[in-house]
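Listed below are the residues making up each chain.
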Amino acid sequence: VWPSGRALAQHVVGIENLFHDAVVIELGAGVGLPGLAAASVGAKKVYLCDREEHEEVLTLIQSNIGLNNLQDICEIRPLTWGRIDTRLVAWKVKPDVILGADLFYRTADFEPLLATLTVLFEKNPLAVFVTVYEERSTRRTLDPLLELWNMRAESVAFDGFEAHSSLFLYRIYSRTVLAT
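None of the values given here were measured: they were computed from a predicted structure. (Residues numbered from 1 in each chain as written. Predicted model: local features only at pLDDT ≥ 70, side-chain atom pairs only at ≥ 80, totals over all residues. Heavy atoms only, no water.)

Novice: Sorry, what's going on with unusual backbone geometry here?
Specialist: Phi is mostly negative for residues that are not glycine, and the peptide bonds are mostly trans. The phi dihedral of D102 is positive, around 55°, even though this residue is not glycine. With respect to the helices and strands, the residue D102 is situated in the loop between β4 (97–101) and α5 (107–123). Positive phi outside glycine occurs at N150, with the angle close to 60°. By secondary structure assignment, the location of N150 is in the loop between α6 (143–148) and β6 (151–156). Classification of N150 as partly exposed rests on a relative accessible area of 35%. (Helix = DSSP H or I, 4+ residues; strand = E, 2+ residues; numbered from the N terminus. Buried < 20%, exposed > 50% of the residue type's maximum accessible area, 1.4 Å probe, protein only.)

Novice: Looking at this model, I keep getting lost on helix α1 (residues 3–14). Mind explaining?
Specialist: Look at α1: 16 Å from first C-alpha to last across 12 residues, which is about the 16 Å you get at 1.5 Å a residue. Along α1, the residues classified as buried are S4, G5, A7, L8, A9, H11 and V12. Looking at the buried positions of α1, the neighbouring elements they touch are α2 (33–40), β4, β5 (128–134), β6 and β7 (167–174). (Expected span 1.5 Å × (residues − 1). Contact = heavy atoms within 4.5 Å.)

Novice: It is not clear to me how the pairing of strand β1 (residues 23–27) should be interpreted in this structure. Could you clarify?
Specialist: Side-chain direction in a regular strand flips from residue to residue, so the side chains alternate between the two faces of the sheet. Among the five residues of β1, five are classified as buried, and the element is accordingly described as predominantly covered. Alternating positions in β1 separate into two faces, V23, I25 and L27 on one and V24 and E26 on the other, with burial throughout. Where β1 lies against strand β2 (residues 45–50), four bridges are found, and the strand directions are parallel. Paired with E26 across the bridge in β2 is L48. Two strands pair when backbone bridges link them, and β1 and β4 are joined in this way by four bridges, in the parallel orientation. Along β4, the bridge assignment pairs V24 with V97. (Pairing = 2+ DSSP bridges.)

Novice: Looking at this model, I keep getting lost on the environment of N69. Mind explaining?
Specialist: With respect to the helices, strands and loops of the structure, N69 is situated in the loop between α3 (55–67) and β3 (74–78). Separated by 76 residues in sequence, N69 and L145 have C-alpha atoms that sit 39 Å apart.

Novice: Can you walk me through the packing of α1 against α2 in this structure?
Specialist: Packed helices, taken two at a time, are described by the angle between their axes plus the distance between the axes. Where α1 meets α2, the closest approach of the two axes is 8 Å, and the angle between their N-to-C directions is 15°. With respect to each other, α1 and α2 are oriented roughly parallel. For the pair α1 and α2, the sense of crossing is right-handed. Where α1 abuts α2, its residues G5, R6, L8, A9, V12 and V13 lie against L33, P34, A37 and A38. Looking at side-chain class alone, the contact of α1 with α2 contains eight nonpolar, one polar and one charged residues. (Axes fitted to C-alpha atoms, helices over the stretch in contact; angles between N-to-C directions. Parallel < 35°, antiparallel > 145°, perpendicular 65-115°, else oblique. Left-handed = near helix turned anticlockwise from the far one by under 90°. Nonpolar A, V, L, I, M, F, W, Y, C, P; charged D, E, K, R; others polar.)

Novice: What's the story with the pattern of salt bridges in this structure? I'm lost.
Specialist: Pairing between side chains becomes possible if they bear opposite charge and their charged atoms approach one another. For the structure shown, the criterion picks out five salt bridges. Residues K45 and E75 are paired through a salt bridge, measuring 3.5 Å at the closest nitrogen-oxygen approach. Residue K45 is located in strand β2, and its partner E75 is located in strand β3; the two are separated by 30 residues in the primary sequence. By relative accessible area, which is 31% here, E75 ends up partly exposed. Of the charged contacts in the structure, one is a salt bridge between E147 and R175, with a shortest N-O distance of 3.3 Å. One end of the pair, E147, is in helix α6; the other, R175, is in the segment after β7, with 28 residues separating them in the sequence. Residues participating in the shared-partner salt-bridge network are R51, E53 and D109. (Salt bridge = Lys/Arg side-chain N within 4 Å of Asp/Glu carboxyl O.)

Rendered as structure tokens:
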């Protein structure tokens, strides 16, 4: 488990009121730690998503759901960022919280991820994307892309987390909420 995944899971447990009775989607779930944490603190439903072609990862997530006895709350959903197909558009889920640990790893993935978030925000403009990522270059910034994709971010302090100097926690929102 990457440090950002552990940090996000710890943050989820620390702000459990955000997850009470919430519908949660974890993007790029990997082993699913943040999503499983959300399920354990009261989420109504958690969708653990990873790339469709990562069958071994999806199988691992399924095992972790079973090991934690969360089959009634958690469901696996193959989802590849930037692949805005009829399945994603037709998906009836309205997320309250979207989670993602270390998703801003490769610059090439930034816009496909933001495109996927845009579709999810259209399903619920009041949703929040909670993300922890490790800064790997001071030359890369999300701000222009967030503006382009009509989103805004706020930095959140880690409460009780043994801060790793290059880990950052953000909440990202759709800007469409500001207009109403």
